[in-house]
2 protein chains.
Amino acid sequence: LTGDGNAPRPTAAVLVTGNEILLGLTQDRNSGFLARALDALGFDLDRVLTVGDAQEDIENGLRELLGHDLVITSGGLGPTHDDRTVGCVAAVAGVELESHEPTMRYLEERTARFARDRGLDPASFVRGNRKQALVPRGSTVIPPVGTAPGLAVDVQGTLAIVLPGPPRELSQMWDTATELPQFRQVLGRAESLERHVLRVYGTSESAIADAFEDAGGDGGGTVTTICAHRFEVEVLVRAPERRRDALDHLVEGMKERLGTAVYLEDERSIEELVLDLCRTRGLKVATAESCTAGLVSARLASIPGSSDVLLGGVVSYANEVKHGLLGVSTETLETYGAVSAECAAEMAAGVRRATGADLGVSVTGVAGPGGGTEDKPVGLVYVHVSAPGSEKGRRTVFPGDRNSVRDFAATTALHLLRRAVTDPA
Amino acid sequence: LTGDGNAPRPTAAVLVTGNEILLGLTQDRNSGFLARALDALGFDLDRVLTVGDAQEDIENGLRELLGHDLVITSGGLGPTHDDRTVGCVAAVAGVELESHEPTMRYLEERTARFARDRGLDPASFVRGNRKQALVPRGSTVIPPVGTAPGLAVDVQGTLAIVLPGPPRELSQMWDTATELPQFRQVLGRAESLERHVLRVYGTSESAIADAFEDAGGDGGGTVTTICAHRFEVEVLVRAPERRRDALDHLVEGMKERLGTAVYLEDERSIEELVLDLCRTRGLKVATAESCTAGLVSARLASIPGSSDVLLGGVVSYANEVKHGLLGVSTETLETYGAVSAECAAEMAAGVRRATGADLGVSVTGVAGPGGGTEDKPVGLVYVHVSAPGSEKGRRTVFPGDRNSVRDFAATTALHLLRRAVTDPA
């Protein structure tokens, strides 16, 4: 699958359709999935275009993207009146629609079973089934995961892969699409890039930019992306295989300058890293959360296999729960308040006691928008990790709205947990 | 701000920039925010275009969007080498860059303070400050929230609003931008649409499409969007004020056909609805979560003022925590297992007891990918709500991957909580 190192990489574009996205009612998650998948295969994704459900908008959007080697569309394959993608693809390709009989039979069986299970009227599915079984003449049908079939269609020399909007259906059908002969043919020219990631925490984006410039920048044929999110910065350096030396040189130069702020050099998330660190040491974790109210535990539990490490925790939103389930003393709550280093420390110790965990991590703060005072402004958060023979606490004032503060606080708690494991002194 | 009902609404387009988005490393949240804001003001958002950081891509993207009344750009205003938006806007507008002195002074003060607070070298900010203070000649500067100033620039007759990528900075600076005289001038033609939303739970998207068709569809001048996410379906019917009758007729027709599946007719989330229902009745809620591990409590706590209702809860990931903190009996765990209706009921009752809450809601299931058996497949989830004199349980097998199952389960728990309050019998 690697090219000869000189041919340009094939280019791709994504067309996302849906009024609900342009109205801000729902967020497109498919273009992110496709972006990662295309990069891994060796495509250059040039652009993502989002248009509404109007026939004219979809057809114009598709026509504009035809210069690329590959165009992937997402959405508009459902049974409702505003699902128009298939008709638009046929129109731009200049072919008729026809009913695809295997799909029709699949849909009839599936909707009959569904109607029976839920006690719905099977007749209510007839119109939708007929619509969803229509495909452009000459296209290759990708079997549905839900009810919508996908398509691989040659549109004026560009391969169009037409996929449904629900992310789960799209991602499964994408795997099938990449195995099609016409897809493999486009893929033949793809050269996947060498990549090295530096994950950085605890320094400014400006300092990282300086480290990049001082280490020589992208002069040697590398392409570097610096991306901050939730107080973490990800530096991704990529280069063709023949520029591997330049890539290594730049990475080493940045690492020298950034020191211990580089906490990871692979693409694991902080959640995965914390779980891996604890798992190899046989450590169990429990959480005690006030303003984050379960975000830390839910983020850890989002990773398969987290039950090896995560025992659970207590969401102690009300002071009665901090006292009753975590044993935070009434004196601490009265003297220092629920948002205090003292309370955070007692919460972390309390959840270790309550669950038998080796490590207890706690978060308490003022998420806002109400509840701030001069002494304890909105954004003030205390995080604490209690471990055998080691206590670590941190006070930070985070910027942003309620949910930014909560996200930042959860990220900080995960990093403090990481440090409690790797650097317990 | 309303038009005469005949003038076309002004159109808008959004240009999102960033290699990190096209590589799938980060998700664009700004276009969703801008979409909602533009719709509320009465703009038609025609398209969102995402391009990379290359100068050529940004300039081409901007040129392609110039036919709209308003173009908003997001990202590429930072201090690093791959932040190129300002230069591109100047190039397309055909004007020079110049240093904006008030911005330069603001940045110098801000970074000096930041460097002092964090113990960083102030010299590391000089290069970035100089870059960020450059603006196209003749543009209006929107004061920075972080370090990047925003811009309002006339680009060949189109008003371009240039905003930074961090969502918090973008949203605050957007509010300032909408007050600028040149923005008010474009806005003058905007006619905001009448809108009515039906939020539907517990029926199929096909049945909703049929209800829509049978109620007459969009023939009367309405524009209807049907959008499913996380087992909830949102039906948004919009029309110009002069078509209010057609809108009301369609809405009433759909409501008749959908019956009690319509659970809400405004834009509150299920979290807000549950909190409001409990608040007016003086009810306190606590959560007991296994596979969702805090998602239900974190979703409730995402709403400002949730502490009136949410006391907290227990994340009982391990069986020892189900037994120790929630009092689930060893017999239940051994006989029926942790994923069972019996365990869910004891978890819900247990968390009421442990916290003194009026309502206890529990979730236990097999999120996968491992741990499924023939009897208890991946996706099997039990949800239970325990309330004074009322117990409600539900068993469901959800499709999808680990985090889909967890999301679906949390949504189901919130809806069961809603029904426990509105329909306790």
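Above this text sits the structure in question.
Here is a short report on the structure shown in this document.

## Topic: the interface of chain B and chain A
Reasoning step 1: Tallying the contact residues gives 85 residues for chain B and 85 residues for chain A.
Reasoning step 2: Here chain B and chain A share 6 salt bridges between them.
Reasoning step 3: Of the charged contacts in the structure, one is a salt bridge between A:Arg127 and B:Asp210, with a shortest N-O distance of 3.3 Å.
Reasoning step 4: Partitioning the side of chain B that touches chain A into residue classes produces 35 nonpolar, 29 polar and 21 charged.
Reasoning step 5: Direction of pairing for strand 14 (residues 310-316) of chain A relative to strand 14 (residues 310-316) of chain B: antiparallel, over a ladder of 5 bridges.

## Re the packing of aromatic side chains
Two aromatic rings are characterised by how far apart their centres lie and by the angle between their planes.
Reasoning step 1: In this structure the tally under the stated criterion is 6 aromatic pairs over all chains.
Reasoning step 2: With a centroid separation of 5.5 Å and an interplanar angle of 90°, the aromatic rings of B:Trp174 and B:Phe183 are classed as edge-to-face. Accessibility assignment for this pair places B:Trp174 and B:Phe183 in one class, buried.
Reasoning step 3: Following the ring pairs from residue to residue traces out a cluster consisting of A:Phe43, A:Trp174 and A:Phe183.

## Focus: the side chain of B:His384
All names here are of chain B.
Reasoning step 1: On the secondary structure map, His-384 appears in strand 16 (residues 380-387).
Reasoning step 2: A polar contact is formed between the side chain of His-384 and the side chain of Glu-391, at a distance of 2.7 Å.
Reasoning step 3: Leaving out residues up to four positions away in the same chain, His-384 has contacts with Ala-344, Ala-345, Ala-348, Gly-360, Val-361, Ser-362, Glu-391, Lys-392, Gly-393 and Leu-416.

## What about the pattern of salt bridges?
Reasoning step 1: Throughout the structure, instances matching the rule amount to 41 salt bridges over all chains.
Reasoning step 2: Across the pair A:Arg47 and B:Glu64 runs a salt bridge, and its minimum N-O distance is 2.8 Å. Residue A:Arg47 is found in strand 2 (residues 44-51), and its partner B:Glu64 is found in helix 3 (residues 55-64); the two belong to separate chains.
Reasoning step 3: Residue classification places A:Arg47 among the buried positions, given a relative accessible area of 13%.
Reasoning step 4: Across the salt bridge formed by A:Asp248 and A:Arg244, the nearest N and O atoms sit 3.1 Å from each other. Note that A:Asp248 and A:Arg244 are positioned in helix 10 (residues 244-258) at a spacing of 4 residues, about one turn of the helix.
Reasoning step 5: Within the structure, one salt-bridge network assembled from shared partners comprises A:Arg9, A:Asp39, A:Asp44, A:Arg195, A:Arg238 and A:Glu267.

## Some words on the pairing of strand 7 (residues 150-155) of chain B
All names here are of chain B.
Reasoning step 1: With respect to burial, strand 7 is a largely interior element, 5 of its 6 residues being buried.
Reasoning step 2: Both strand 6 (residues 140-142) and strand 7 contribute to a ladder of 3 bridges, which runs antiparallel. Among the inter-strand pairings, Val-141 is bridged to a residue of strand 7, identified as Leu-151.
Reasoning step 3: Direction of pairing for strand 7 relative to strand 8 (residues 158-163): antiparallel, over a ladder of 5 bridges. Across the sheet, residue Ala-152 finds its bridge partner in strand 8, namely Ile-161.
Reasoning step 4: Hairpin geometry of strand 7 and strand 8 is characterised by an intervening segment of 2 residues between the two adjacent antiparallel strands and by a positive phi of about 50° at Gln-156.

## Some thoughts on the nonpolar core
Reasoning step 1: By size, the foremost hydrophobic cluster in this structure holds 84 residues, and its most contacted members are A:Leu359 and B:Leu359.
Reasoning step 2: Leaving out residues up to four positions away in the same chain, A:Leu359 has contacts with A:Cys278, A:Leu283, A:Lys284, A:Val285, A:Ala286, A:Arg352, A:Val385, A:Ser386, A:Ala387, A:Leu417 and A:Val421.
Reasoning step 3: Listed in part, the 45 residues of the second largest apolar core include A:Leu49, B:Leu15, B:Leu49 and B:Val135.

## Quick word on the environment of A:Ser204
Reasoning step 1: Looking at where A:Ser204 falls in the secondary structure, it is placed in the loop between strand 9 (194-201) and helix 9 (205-214).
Reasoning step 2: Setting aside its immediate chain neighbours within four residues, A:Ser204 contacts B:Phe114, B:Leu120 and B:Phe125.
Reasoning step 3: There is a polar contact of 3.0 Å between the side chain of A:Ser204 and the backbone nitrogen of A:Ala207.

## Topic: the side chain of B:Thr355
Reasoning step 1: Summarising the element assignment, B:Thr355 is placed in helix 15 (residues 341-355).
Reasoning step 2: Apart from residues no more than four positions distant in its own chain, B:Thr355 is found in contact with A:Val321, A:Leu325, B:Ala286 and B:Leu311.

## What about the sheet that holds strand 2 of chain A?
Reasoning step 1: Taken in spatial order, the 12 strands of this open sheet run 6(A)-7(A)-8(A)-3(A)-1(A)-2(A)-2(B)-1(B)-3(B)-8(B)-7(B)-6(B), and their pairing is mixed. The open sheet has two free edges, formed respectively by strand 6 (140-142) of chain A together with strand 6 of chain B, since each of these has just one partner strand. For this sheet, the mean angle separating the axes of adjacent strands, direction not counted, is 20°.
Reasoning step 2: As paired strands, strand 1 (residues 11-17) of chain A and strand 2 of chain A are joined by 7 bridges and run parallel to one another. By the bridge assignment, A:Ala13 is partnered in strand 2 of chain A with A:Arg47.

## Some remarks on the relation of the copies chain B and chain A
Reasoning step 1: When chain B is fitted onto chain A, the two copies agree to an RMSD of 0.1 Å after a turn of 180° and an axial shift of 0.0 Å. Such values leave the two copies arranged in the relation of a two-fold axis.
Reasoning step 2: Take the interface residues of chain B: 100% of them recur as interface residues in chain A, which is what a same-surface contact looks like.

## Some thoughts on the packing of helix 3 of chain B against helix 4 (residues 85-93) of chain B
Residue and element names in this part refer to chain B.
Reasoning step 1: Packing of helix 3 against helix 4 brings their axes to within 9 Å, and their N-to-C directions diverge by 50°. Taken together, the axes of helix 3 and helix 4 lie oblique to each other. Considering the relative orientation of helix 3 and helix 4, their crossing is right-handed. Contacts between helix 3 and helix 4 pair Gln-55, Ile-58, Glu-59, Leu-62 and Arg-63 from the former with Thr-85, Cys-88, Val-89, Ala-91 and Val-92 from the latter.
Reasoning step 2: Here the contact of helix 3 with helix 4 is composed, by residue class, of 6 nonpolar, 2 polar and 2 charged.

Procedures and definitions
Residues numbered from 1 in each chain as written. Chains lettered and ligands numbered in written order. Predicted model: local features only at pLDDT ≥ 70, side-chain atom pairs only at ≥ 80, totals over all residues. Heavy atoms only, no water. Contact = heavy atoms within 4.5 Å. Salt bridge = Lys/Arg side-chain N within 4 Å of Asp/Glu carboxyl O. Nonpolar A, V, L, I, M, F, W, Y, C, P; charged D, E, K, R; others polar. Pairing = 2+ DSSP bridges. Helix = DSSP H or I, 4+ residues; strand = E, 2+ residues; numbered from the N terminus. Phe/Tyr/Trp six-rings, centres within 6.5 Å; stacked < 30°, edge-to-face > 60°. Buried < 20%, exposed > 50% of the residue type's maximum accessible area, 1.4 Å probe, protein only. Polar contact = N/O pair within 3.5 Å; in protein donor to acceptor, adjacent residues only side chain to side chain. Core = buried A, V, L, I, M, F, W, Y, C linked by side-chain atoms within 4.5 Å. Axes fitted to C-alpha atoms, helices over the stretch in contact; angles between N-to-C directions. Least-squares fit on C-alpha atoms with pLDDT ≥ 70 in both. Parallel < 35°, antiparallel > 145°, perpendicular 65-115°, else oblique. Left-handed = near helix turned anticlockwise from the far one by under 90°.

Honestly, it's all geometry; don't read function into it.
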